[in-house]
Amino acid sequence: YQANEMCFIWLRHLPVRLSIVFWSIFESLRTSEVRLFDLDRRYNKYTICIFTKRKVSSRGHLGVVASTDPILLRAARGEDVERPPVWLMRQAGRYMAEFRAYSEKYPFRMRSETPDIAIELSMQPFRAFKPDGVIMFSDILTPLPAIGVEFDVIRGKGPRIDQPVRSMEDVLALKPMDDLDDRCPFLRPILSTLRQEVGNEAAVLGFVGTPWTLAAYSIEGKADRHLMHTKQMMLKNPEILKAYLDHLTEAIAIYACHQIDCGAQVIQLFDSWAHHLSPAQFVEFSLPYAEKVTAAIKAKHPEVPVIFHANGGTGKLERIAAGCSADVVGLDWATDMSAAREVFGANTTLQGNMDPMILFGSQEQIEAAVKTAVDEAGRKHILGVGHGVVQGTPEESVGIFCDAARKSVYADCLAGAK
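If you're wondering where the values come from, they're calculated on a predicted model, not measured in any experiment. For every chain, the first residue of its written sequence is number 1, and the numbers climb from 1 along that sequence. Note on the predicted model: pLDDT of at least 70 is required for a residue's local features to be given, and 80 or more for side-chain atom pairs to be given and counted; whole-chain, interface and lining totals, by contrast, use all residues. Side-chain metrics in this entry use all non-hydrogen atoms of the structure; hydrogen atoms and water are not considered.

**Q** Honestly, the sheet that holds strand β9 (residues 306–310) in this entry has me stumped. Any pointers?
**A** Strand pairing within a sheet occurs via backbone hydrogen bonds; the two strands may be parallel or antiparallel. Pairs of strands are assigned from DSSP output, requiring at least two bridges between the strands. Numbering of helices and strands runs from the N terminus, with a helix taken as a DSSP run of H or I at least four residues long and a strand as a DSSP run of E at least two residues long. Reading across the sheet, the seven strands line up as β4-β7-β8-β9-β10-β11-β12 and stay open at both edges, with parallel pairing between neighbours. Either end of the sheet is taken by a strand with one partner, and the two such strands are β4 (133–135) and β12 (381–385). Recorded for the sheet is a direction-independent mean angle of 25 degrees between the axes of neighbouring strands. For strand β7 (residues 203–209) and strand β8 (residues 266–271), the ladder comprises five bridges, and the chain directions are parallel. Paired with Phe-207 across the bridge in β8 is Gln-268. Note on method: axes are straight lines fitted to C-alpha atoms, helices fitted across the in-contact stretch only, with angles between N-to-C directions ranging 0 to 180 degrees.

**Q** How do you make sense of the nonpolar core when you look at a structure like this?
**A** A general trend in soluble globular proteins is that nonpolar side chains are found buried together. We call a set of buried Ala, Val, Leu, Ile, Met, Phe, Trp, Tyr and Cys residues a nonpolar core when their side-chain atoms join them within 4.5 Å. Three labels apply to residues, based on accessible area from a 1.4 Å probe with only protein chains included: buried if under 20% of the type maximum, exposed if over 50%, partly exposed otherwise in between. With 124 residues, the main nonpolar core has Trp-212, Tyr-244, Phe-308 and Phe-401 as its most contacted residues. Sorting elements by how many residues they give to this core places helix α11 (residues 238–262) first, with 13 residues. Whether two residues touch is decided by their heavy atoms; if any such pair falls within 4.5 Å, the residues are in contact. If sequence neighbours within four positions are ignored, Trp-212 has contacts with Leu-227, Thr-230, Met-234, Leu-241, Leu-245, Asp-271, Trp-273, Ala-274, His-276, Leu-277, Phe-285 and Ser-286.

**Q** I keep staring at the side chain of Glu-220 and nothing clicks. Help me out?
**A** Its place among the elements puts Glu-220 in helix α9 (residues 211–220). Only four residue types enter the tally: Lys and Arg on the positive side, Asp and Glu on the negative side, with His and both chain ends excluded. When a carboxyl oxygen of Asp or Glu lies within 4 Å of a side-chain nitrogen of Lys or Arg, that pair is called a salt bridge. For the buried Glu-220, no salt bridge is present, and the opposite-charge side chain at shortest range is Arg-166, 5.3 Å distant. Each polar contact in these results corresponds to two N or O atoms within 3.5 Å; when the atoms are within protein, one needs to be able to donate a hydrogen and the other to accept it, and residues that are neighboring in sequence are counted only if both atoms are side-chain atoms. Of note is the side chain of Glu-220, whose polar atom sits 3.0 Å from the backbone nitrogen of His-229. Here Glu-220 is in contact with Arg-166, Leu-227, Met-228, His-229, Thr-230 and Trp-273, once residues within four sequence places are set aside.

If you want it as structure tokens, here you go:
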């Protein structure tokens, strides 16, 4: 191969022992990035794809610069990559039998706040499916106790906050977010260990809920389809809601930066309850506060990509495009990827957005949905489902989904390999 080109070598359907031999040889040369694709579990056959990592002085005709960083991290930074990286929201979940062995035995907060258990649960889908991202097992509500809002997760019912925040007195009584190694001592061992476990095979993702989503949860005290208390506060006492949003914004920014200090390479902001807001409410009560969190992260860690995912972003895409500075925009499955690409343009990295229920379909249906998402998204894309993996999803379907992503090498990369 020429110095300014990337070379691809495909070794198809090798017996597993021979695959390991080739893997070892090319890794020892330190000139290649080796991908082991588990394409046929039934016959224990594998395919290896080797991408050369020879450093060059300028971009080659493929538009891909060699790097040892995980592909998801490179894509989230906006770099050109050879295929869409893949990970799934709620990829550590009850659809996995291994996970249920823990969830049926231990309560949620014990699982998420005990480092050994949280690390194991985070690593289970990585060992099984090799996604390009490993997200720590936790919850968007996890930072709330550090500011004085206690919560629990009741099996079969979800989160519960017994003392919701509903007055200015409640807001003024909140604690500042500080001394996180003392208040959340589990974060550092979880994230630092995950970095050690996955190395450069995958990016480690941290995450936070947006101020709006955490405010609504802790004002209601539980999930509520109408947000009765929150919407009444919004209409009758908006100054209380905005004071609480201000407090949460500062706290969440500190919490996100602490995750980075502990080892997270990418941060995702979950605006899980954006769907409760009209577009006008979204630009007043959610997006500006999420933007302040993003700005605070970028001020301290400009090298760390931020993903903003608004559940229910349909109808708000133009507002997000105009007012969101995150490196990556996550899309739910109710949005056509092609329509989103028209709104955001060719240079914004989009994430998503396959309907997670397609994972209950056949292999052919899953692969077709992946192809549609990849084709419509174009080169600036991180593949995922538009919401969390649903309980009851066949585990093998998640494997098919990840395999399909790894096979989705972009056409110009394939052309350069011939």
